Every structure is written in C-alpha cells, then in structure tokens.
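Geometric and topological summary
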Amino acid sequence: MLQEERFLRIRTLLSTLSRVSTERIAQDLDVSRETVRRDILALESQGILRRVHGGVVAQGPEPEPPLAVRQAVSAREKRAIARAALQLLQPGQTLFIDAGSTTTLLAEALSSLSGMTIITNGLNVALKLAAADAGRNTRNDVILLGGRTDPAVQATHGDTTVAEIHRYRADVALLSPVGISVHSGATSFEHHEAAVARAMAAQAKELILLADHSKVGQASRVTYASLADVGTLVTDAGARSLPAFSALQAAGCHIVVA
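Notes on the structure in this doc start here. Every value quoted in this text rests on a predicted model; they were computed, and no experiment measured them. (Residues numbered from 1 in each chain as written. Predicted model: local features only at pLDDT ≥ 70, side-chain atom pairs only at ≥ 80, totals over all residues. Heavy atoms only, no water.)

So, on to helix α3 (residues 33–45). Along its 13 residues, α3 runs 18 Å from first to last C-alpha, staying within 8% of the 18 Å computed at 1.5 Å per residue. Along α3, the residues that are buried comprise Thr 35, Val 36, Asp 39, Ile 40 and Leu 43. What you see down the axis of α3 is that its buried residues fit within an arc of 135°, all on one side. Phi turns positive, to about 80°, at Gly 47, one or two residues after α3. (Helix = DSSP H or I, 4+ residues; strand = E, 2+ residues; numbered from the N terminus. Expected span 1.5 Å × (residues − 1). Buried < 20%, exposed > 50% of the residue type's maximum accessible area, 1.4 Å probe, protein only. Arc of directions from axis to C-beta.)

Encoded structure:
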C-alpha cells in the first residue's frame, strides 16, 4: 500500500472516530506498527492529527460552543458590530439573517426599525423581532424558515430550510461565520450551517459578514463564500492589530470597524 493511500485511510478513520489506537490503524491497514509510527509522525507534522497515549486524535477546527455560551463572550464587541451593521441597511429592504450570537444582537438593533422583511433560520432572531413588534402599528415582516431544529444553535436547518431560502430573493444577507480569512473565505464548522449560509449568500444581492476579532484570520471546516463574494466585513476594533486584518484589506475586502 502506497504512503498516500495509508494517509487517506488513517484520515478516514479519524473522520469517523474521535480517537484511534495505533493497534487499530495497524490492523486496518495491515501494516507493521513501525510503519504506522512513521505515518503518524508525518501526519502530525502536517497538523492532521495529534499523538496521545496509545493512539491519535484528529487535529483540526473545534466546533463552536452552544449559542447560550457564545452570547456571553465578547458581548460588548458584538453589540457594537450589530449597531455598525445597522448603519449599512436601508428602509424597506429584504434581509436574510442566519443564526448566531452576533446576529441575535443584530435582531435587537433591528427592532428599532420597521418596514423591513427579515427571513431567518434563527429562532432567537425571529422571537426577538416578533416581540419588539408587539403593540406597534408599523412592523417588520418576519419569516422563520422551516426545517429540522438544532437546540445547540437554536436554529432550523436541512433540505427544507435550504429549499425555502431559494423561494426568496433578498437585498442583503447578514451572516456570522465561524471564521473569515483571505484563503478560505467565510467558513463554518457544521456542514448543515454552511449549507444555509451558502444558500442565503447566493440568493442575496449583497453579503455582509458580522465577525468579532476572534474570527478574523481563522478558518473552519466548510467554506460557504469566497472572499470575492463578501461585500463588507463588519468587525470590532480588536481586529486592527491582527496581521489577518491587513491581509484582508490588501486582498480588497471592504471592512467596517465598529
């Protein structure tokens, strides 16, 4: 078996198992433990895996914490980003908004407006907008997309959600990525979250990303928009000192600092 094929088999094992023993790899590949040791060292040097006692674990992007946890992190910066994003919108626009801690704060800021059509898969986004409209004569039209529910991110997702997105055209998609970088563009950790974001970006005239400084220069598992597709990145002042901030500017990304 060629080395490239062994590497592929090891990576496949890691994609399905959180931890793989050295013995399991040797048995699956039908090679010696010494060959496995050399392959593990090579893959570790590439950042693919990490050695632990008796085996290896995958080395890669970590999943985002639950929404309830993320809402408490960098809340001040995220509120500033939401306020700055609000200034980029025009009365009467149709908006796509995905689920996330920053976009939930954007929903709070949007509640001061009326006459907007807001299409979202975020349960918190829809609820905050609907609650703000209670008792008002002029309201925003809030559309919650159907689909499977994910309690961790408090959102809908899946084929039904994506199909519903394609029924609409929006002026602006306001999305909150897990990471934004020159080479990887806008990325998400979960494939189903990326599918929703990709559909929203495709069905909108303009794409605005909301990302605090911790996400600038980072890349997660799934790209849903290239940097060329991003109309504006809204971030906080903490991003200015990052090399990735300058790299994004040099690549032509329009950045608004809250």
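Read on for the rest.
With that settled, consider the pattern of salt bridges. Applying the stated criterion across every chain yields a total of 10 salt bridges. With a closest N to O distance of 2.7 Å, Arg 33 and Glu 23 form a salt bridge. Pair noted here: Arg 33 is in helix α3 and Glu 23 is in helix α2 (residues 22–29), with a separation of 10 residues, a long-range link. Here Glu 23 falls in the partly exposed class, since its relative accessible area comes to 37%. Two residues, Glu 44 and Arg 51, come together in a salt bridge whose shortest N-O distance is 2.7 Å. Sharing partners across several salt bridges, the network here consists of Glu 34, Arg 37 and Arg 38. (Salt bridge = Lys/Arg side-chain N within 4 Å of Asp/Glu carboxyl O.)

For Lys 215, the location among the structural elements is in the loop between β12 (204–210) and β13 (222–225). Since its relative accessible area comes to 9%, Lys 215 is described here as buried. A polar side-chain atom of Lys 215 sits 3.0 Å from the main-chain carbonyl oxygen of Pro 177. (Polar contact = N/O pair within 3.5 Å; in protein donor to acceptor, adjacent residues only side chain to side chain.)

All chains considered together, the criterion is met by zero aromatic pairs. In this arrangement the basic side chain of Arg 221 is found over the ring face of Phe 189, its NZ or CZ atom lying 3.8 Å from the centre. (Phe/Tyr/Trp six-rings, centres within 6.5 Å; stacked < 30°, edge-to-face > 60°. Lys NZ or Arg CZ within 6 Å of the ring centre and 35° of its normal.)

Let's shift gears to empty space enclosed by the protein. If you walk through the whole model with that rule in mind, you get one cavity of 30 Å³ or more. Around the largest cavity, the lining comprises 22 residues; the ones closest to its centre are Asp 98, Ala 99, Ser 176, Ser 188 and Glu 193. Within the residue set of the lining of the largest cavity, elements represented by two or more residues are β8 (155–157), β11 (185–188) and α9 (191–202). No other element matches the five residues that α9 contributes to the lining of the largest cavity. Across the lining of the largest cavity, the residue classes break down as nine nonpolar, eight polar and five charged. (1 Å grid on protein atoms, 1.4 Å probe; cavity = no way out; pocket = protein on both sides within 12 Å on 5 of 7 lines; lining within 4 Å. Points joined across faces, edges and corners; volume = space filled by probe spheres on them. Nonpolar A, V, L, I, M, F, W, Y, C, P; charged D, E, K, R; others polar.)

Before going further, it helps to examine the pairing of strand β14 (residues 232–235). Of the two faces of β14, both are covered, the one formed by Thr 232 and Val 234 as well as the one formed by Leu 233 and Thr 235. Where β12 meets β14, three bridges bridge the pair, whose relative direction is parallel. Following the sheet pairing, Ile 208 is matched in β14 by Thr 232. Running through helix α10 (residues 243–250), the crossover from β14 to the neighbouring parallel element strand β15 (residues 255–257) is right-handed. (Pairing = 2+ DSSP bridges. Right-handed = clockwise from strand over helix to strand, strands pointing away.)

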